[in-house]
Every structure is written in structure tokens, then in C-alpha cells.
Amino acid sequence: QQQQIQHLQLQLQQQTTHTCSQHKIQQDAILNLQRNNQQIKQQASNQLKHFACMSHEIRTPLNCIIGLSSLLLDTKLDQSQQEMVKLINTAGDLLSTVV
């Protein structure tokens, strides 16, 4: 009976060690996931900032193109020139809605 108790105690100790080991592995995995999640959030934030900056960088010259082509339409142009300027203006307006 003493031998049985010792055997059970050994089994309990082994299971406890295994459980602690598994718990440590799970904790490490959770920490790793949290770090990765934080990195993904940071990357997404950086991408949004970059897009906002690029959008501004594109809109400024695009507004100039639209404005100048509108002014150009008010000048004396032959029909071919008018069609080209209207095309520039329309393309600029369409692109402006995308940006």
C-alpha cells in the first residue's frame, strides 16, 4: 500500500509538472498573439496615415488641374481644344471623386 501511495504521488507530481508546462506554453502563446496583434494594429494605423498623406498630396495638384482647365474653358479655344480641355476637366473630376 505504501508503494501504491508513492506511485500515485509520483503520477500526481508528473501530471502537475506537465500541467504547469502546458500552462507556460499557453501563456507564451497568448503573449506572442498580443504582441502580433499590437504590431498589426500599428501597421494598419501607419497605412491609414500614409494613405491620408498621399490622398492630400494627390488632391492638391488635381484641384489645380481642375481649376486651371475650368478657367481654360472660359477662353477662346477652337472646337478640338475645347474637347480636349473638357476631357481633362471631366477626368480630373472623376479622379477627384476617387481620391
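Data block above holds the structure.
Residues numbered from 1 in each chain as written. Predicted model: local features only at pLDDT ≥ 70, side-chain atom pairs only at ≥ 80, totals over all residues. Heavy atoms only, no water.

Trainee: Where do I start with the overall build of the chain in this structure?
Mentor: For the chain, the helix and strand inventory stands at two helices and zero strands. Taking 99 residues into account, the globule formula puts the C-alpha radius of gyration at 13 Å, and the chain, at 34 Å, lies well above it. With the C-alpha coordinates aligned to their principal axes, the bounding extent of the chain is approximately 110 × 20 × 10 Å. For the chain, the proportion of its 99 residues judged to be buried stands at 8%. For the chain, the accessible area works out to roughly 8,700 Å², and carbon and sulfur atoms hold 59% of it. (Helix = DSSP H or I, 4+ residues; strand = E, 2+ residues; numbered from the N terminus. Rg over C-alpha atoms; globule rule 2.2 N^0.38 Å. Buried < 20%, exposed > 50% of the residue type's maximum accessible area, 1.4 Å probe, protein only. Areas by Shrake-Rupley, 256 points an atom, 1.4 Å probe, with all protein chains shown as cover.)

Trainee: What's the story with the side chain of serine 69 in this structure? I'm lost.
Mentor: Mapping serine 69 onto the fold places it in helix α1 (residues 2-73). Classification of serine 69 as buried rests on a relative accessible area of 6%. Ignoring sequence-local partners within four residues, the contact set of serine 69 consists of Val85, Ile88 and Asn89. (Contact = heavy atoms within 4.5 Å.)

Trainee: When you look at α1 in this model, what are you seeing that I'm missing?
Mentor: Since the α-helix advances by 3.6 residues per turn, residues separated by three or four positions end up pointing in the same direction. Given a rise of 1.5 Å per residue, 72 residues ought to cover 106 Å, and the 104 Å separating the end C-alpha atoms of α1 matches this to within 8%. Of all the residues in α1, the buried ones are Ser55, Leu62, Ile66 and Ser69. The inward-facing, buried residues of α1 contact α2 (79-98). (Expected span 1.5 Å × (residues − 1).)

Trainee: Honestly, the environment of alanine 91 in this entry has me stumped. Any pointers?
Mentor: Here alanine 91 lies in helix α2. Expressed as a C-alpha distance, the spacing of alanine 91 and isoleucine 65, which sit 26 residues apart in the sequence, is 10.0 Å.

These values are about where atoms sit, not about what they do.
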